[in-house]
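The chain contents come next:
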Amino acid sequence: CPCLGPGGSTAASGSVHGPMAYNMDSSDTYEWAIARVPELEVNLASAMSALERVQADNTALKDVHNDLVNAYRRLQEQHERLRLQLRRDQQERHRLADEQQRQQAHWRAQVEARGRELEELQQRQSQLPPREAEALRLRVAEEVEAEVAQRIRELEIRIAAEQRR
């Protein structure tokens, strides 16, 4: 114990430490202090080593902290970009759904108009010779089929373009 004086004796009160706690002369005190130098050097080297380890740990922790802060910022930026992209995609899908509904309403109106035309043609058919009536019916069917096929191709192209996004 560093409280022990020369010869391993302790101070009388036990509460005072160091060479003054002992009833010794100055030469004993000097020898006692000199004898403690190697122990103190070991303690100092140990403390310095511990300080270096703690400083290295501190530097490593600062690096980890900086890496985490940077990763957090990158994730925030990525989150914001993805959130904006999601909003744009949702708006585009909503716009396409509205456009599709308008297109369907337009087609319904066209089909209804064609249906009326067909009814008129059927009424006239009774007045037309069978050959002309059949030719007229085929021509109308081909026109409707061509229009529908063209619209289907256009929609398939749009769907494919949307899926590539």
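The structure presented is a predicted model; accordingly, all values stated were derived computationally and were not measured.

1. With respect to the overall build of the protein chain
Turning to step 1, where the next piece is worked out: What the protein chain contains, in helices and strands, is two helices and zero strands.
Turning to step 2, where the next piece is worked out: The long-range share in the protein chain, meaning contacts at least 24 apart out of those at least 6 apart in sequence, stands at 50%.
Turning to step 3, where the next piece is worked out: For the protein chain, the exposed surface amounts to about 13700 Å²; the carbon and sulfur share of it is 56%.

2. Some thoughts on a nonpolar patch on the surface
Turning to step 1, where the next piece is worked out: A contiguous nonpolar patch, built from Tyr 30, Ile 34 and Val 37 and spanning about 290 Å² of accessible area, is present on the exposed surface.
Turning to step 2, where the next piece is worked out: Position of Ile 34 among the secondary structure elements: in helix H1 (residues 26-125).

3. What to know about the side chain of Glu 92
Turning to step 1, where the next piece is worked out: Among the secondary structure elements, Glu 92 is positioned in helix H1.
Turning to step 2, where the next piece is worked out: Here Glu 92 is in contact with Glu 162 and Arg 165, once residues within four sequence places are set aside.

4. Considerations on the environment of Arg 153
Turning to step 1, where the next piece is worked out: Tracing the backbone through its elements, the reader meets Arg 153 in helix H2 (residues 130-164).
Turning to step 2, where the next piece is worked out: By relative accessible area, which is 43% here, Arg 153 ends up partly exposed.
Turning to step 3, where the next piece is worked out: In this structure the side chain of Arg 153 is engaged in a polar contact, spanning 2.9 Å, whose partner is the side chain of Gln 150.

5. Focus on the pattern of salt bridges
Turning to step 1, where the next piece is worked out: Within this structure, the stated rule accounts for eight salt bridges.
Turning to step 2, where the next piece is worked out: In this structure, the salt-bridge partner of Arg 139 is Glu 143, at a minimum N-O distance of 3.5 Å. With a gap of four residues between them, Arg 139 and Glu 143 both fall in helix H2, about one helical turn apart.
Turning to step 3, where the next piece is worked out: Overall, the relative accessible area of 44% leaves Arg 139 in the partly exposed class.
Turning to step 4, where the next piece is worked out: On the accessibility criterion, Glu 143 (30% relative accessible area) is partly exposed.
Turning to step 5, where the next piece is worked out: Among the charged side chains, a salt-bridge network with shared partners connects Glu 92, Arg 95, Glu 99 and Arg 158.

6. Observations regarding H2
Turning to step 1, where the next piece is worked out: Between the first and last C-alpha of H2 there are 51 Å, a value that for 35 residues agrees with the 51 Å anticipated at 1.5 Å per step.
Turning to step 2, where the next piece is worked out: Restricting attention to buried positions, one finds in H2 the residues Ala 133, Leu 136, Val 140 and Arg 151.

Cut-offs and rules
Residues numbered from 1 in each chain as written. Predicted model: local features only at pLDDT ≥ 70, side-chain atom pairs only at ≥ 80, totals over all residues. Heavy atoms only, no water. Helix = DSSP H or I, 4+ residues; strand = E, 2+ residues; numbered from the N terminus. Contact = heavy atoms within 4.5 Å. Areas by Shrake-Rupley, 256 points an atom, 1.4 Å probe, with all protein chains shown as cover. Patch = residues over 30% accessible without salt bridge, like charges linked within 9 Å, V, L, I, M, F, W, Y side chains within 5 Å. Salt bridge = Lys/Arg side-chain N within 4 Å of Asp/Glu carboxyl O. Buried < 20%, exposed > 50% of the residue type's maximum accessible area, 1.4 Å probe, protein only. Polar contact = N/O pair within 3.5 Å; in protein donor to acceptor, adjacent residues only side chain to side chain. Expected span 1.5 Å × (residues − 1).

It is worth stressing that arrangement in space is one thing and function is another; only the former is reported here.
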